[in-house]
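Architecture and fold: a report
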Amino acid sequence: MLALVRALFGESLPVVRAVPMLLGAATVYVTGLLARELGGGRGAVFLSCLAVIAAPIVLGTNHVYSMNSFDLLFWPLAALALLRCHREPSAGRWLLVGLVLGLGLLNKSSVLWLGAGLAAGLLLTGERRRLRTPGPWLAAAVAALFFLPYVIWNAVHGFPTLEFMRNAMEQKMVRATPLDFLASQILDTNPAAAPIWIAGLVSLLRGPEGRARVLGVAFLVVAAILVIPGTSKPEYLAPAYPMLLAAGGAVFERWSRAPRLGWLPGALAVAMLAFAAVALPMALPVLSPDAFVRYTRAIGFSPSASERHARVELPQHYADMFGWEEMAEHAAAAYRSLTPAERARCVVIAQNYGEAGALELFGARHGLPRVICGHNAYGFWGYGDWDGSVAVVVGGGEAFYRRHFEEVVRVGTIPCERCMEYERSLPVFVVRGIRGPVERYFSEERFLL
């Protein structure tokens, strides 16, 4: 998708960020359709869509191009397809359910949690009768067919996804209690929206229609999958909330017809907008860094950590917006200091995929050579025809490079006051003369985390 956008419209921040913006708008629209499907009218559509718009996690996610924006859309879209399929079952509608789940799996394997939740919902409600028809099995087969190449690739490469997940739980994720997880859900989705999604969950579980109960059970199953290990990021559950908000919107619309309760939806709408206004600087970079720091201190907000990294005054999603172009400029200065013969054999070595991606993107205008890295997918892409004779290295420890190279010269430091602490003063080295085979060195550089 990103390659298509870049080919059609060029490469710029407005162009790239237009994609998650449109995906966010589509998520709001699908939430409204869900509210209609669950029996709501205009009031339910308005309240549920506003709740999605006012959720800080939705605002922040749809500001940055990533798989998460697609994920926020695929979950409610799958719920909508399933509801319509149960209302008017046909092979074509079940095929659509499988198609949405399959595309979701191509985007992010966490859709497996949704699949498990929906399967549990079918088994544990009266909708289990659907399992005696070919429809659900057709949907599962289509989704599995989309996911099959990923499974095959993992099998061929020793299941690196499982290794990545194990490393993340042991070395990266911060442990959280169920209460911590719940508190994050309420803050991320807007505290004023909590009555709506809680009412929606109860409505789905107690409703007269089995097709709606499937969604309620699915939410509880996914929540349990995430809470039990104690290391899941709270935002992993965010894509499941639009279906609860849609159901809750229908509930509050019905309540508003009761005597003396007509004010309730309006009051919730005002409260959601008020909290969204207060939380907006945490979700979107509407303030300068200095103004943001002053604002968070004034309201007593302290950025929380879902990963085991040292923190600066900016939360990670802001701190990671700084320093990338400067990194490429310093690497380019080191590269230009080499002789023409050395430049012909040189590569740039980065420590993680963020740095490697930035060096590729911003380094192109400086004429930087190939960037290699051992982190995640970069480790599988390898080192090409590099012979180990010379490299420009960004970051890392000097002692490690002295073990592997005959000559290690520190040629600079990349200052970045607003970056994450572990990227604030990255060293830049020129290394020459690898000791031993390049493959042995690169195997030590590779890691999944």
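Coordinates for the structure precede this section.
Residues numbered from 1 in each chain as written. Predicted model: local features only at pLDDT ≥ 70, side-chain atom pairs only at ≥ 80, totals over all residues. Heavy atoms only, no water.

1. Overview of the packing of aromatic side chains
Inspection of the entire model under this criterion finds 16 aromatic pairs. Ring centres of Phe252 and Trp255 lie 4.9 Å apart, and the angle between their planes is 65°; this geometry places the pair in the edge-to-face category. In this pair, Phe252 and Trp255 both sit in helix H13 (residues 241–255), three residues apart, roughly one turn of the helix. For Phe252, a relative accessible area of 4% translates into the label buried. Judged by its relative accessible area of 41%, Trp255 is partly exposed. Centre to centre, the rings of Phe405 and Tyr441 are 5.3 Å apart; their planes meet at 70°, and the pair counts as edge-to-face. Pair noted here: Phe405 is in strand S4 (residues 405–415) and Tyr441 is in helix H22 (residues 438–445), with a separation of 36 residues, a long-range link. Its relative accessible area of 1% is what places Phe405 among the buried residues. A residue is classified by how much of its surface remains accessible, and Tyr441, at 1% relative accessible area, is buried. Taken together, the aromatic side chains of Trp386, Phe400, Tyr401, Phe405, Phe429 and Tyr441 make up a single cluster linked through ring pairs. The lysine or arginine in question, Arg446, covers the ring of Phe380, its NZ or CZ lying 4.9 Å from the ring centre. (Phe/Tyr/Trp six-rings, centres within 6.5 Å; stacked < 30°, edge-to-face > 60°. Helix = DSSP H or I, 4+ residues; strand = E, 2+ residues; numbered from the N terminus. Buried < 20%, exposed > 50% of the residue type's maximum accessible area, 1.4 Å probe, protein only. Lys NZ or Arg CZ within 6 Å of the ring centre and 35° of its normal.)

2. What to know about the state of the cysteines
Here a disulfide denotes a covalent bond joining the sulfur atom of one cysteine to the sulfur atom of another. The final tally for this structure, using the stated rule, is one disulfide. A sulfur-sulfur distance of 1.8 Å marks the disulfide that ties Cys416 to Cys419. The sign of the S-S torsion, about 75°, decides the handedness of the disulfide formed by Cys416 and Cys419: right-handed. Each of the two residues, Cys416 as well as Cys419, counts as buried. (Disulfide = S-S within 2.5 Å.)

3. Some thoughts on helix H17 (residues 324–336)
Taking 1.5 Å per residue as the helical rise, H17 with its 13 residues ought to reach 18 Å, and the 19 Å between its terminal C-alpha atoms agrees with that figure. Residues of H17 that are buried include every one of Trp324, Met327, Ala328, Ala331, Ala332, Ala334 and Tyr335, and no others. Here the buried residues of H17 occupy an arc of 160° about the axis, which is enough to place them on one side. Structurally, H17 contributes buried residues whose contacts are with helix H18 (340–345), helix H19 (353–363), strand S3 (390–394), S4 and strand S5 (425–434). (Expected span 1.5 Å × (residues − 1). Arc of directions from axis to C-beta. Contact = heavy atoms within 4.5 Å.)

4. Quick look at the nonpolar core
Counting residues in hydrophobic clusters, the biggest one holds 77 residues, and the most contacted among them are Leu237 and Met272. In this view, Met272 contacts Leu47, Leu50, Ala51, Ala54, Asn190, Ala192, Ala193 and Ile196; residues no more than four positions away in its chain are not counted. One finds Trp324, Val348, Val390 and Val428 within the second-largest nonpolar core, a separate group that totals 26 residues. (Core = buried A, V, L, I, M, F, W, Y, C linked by side-chain atoms within 4.5 Å.)

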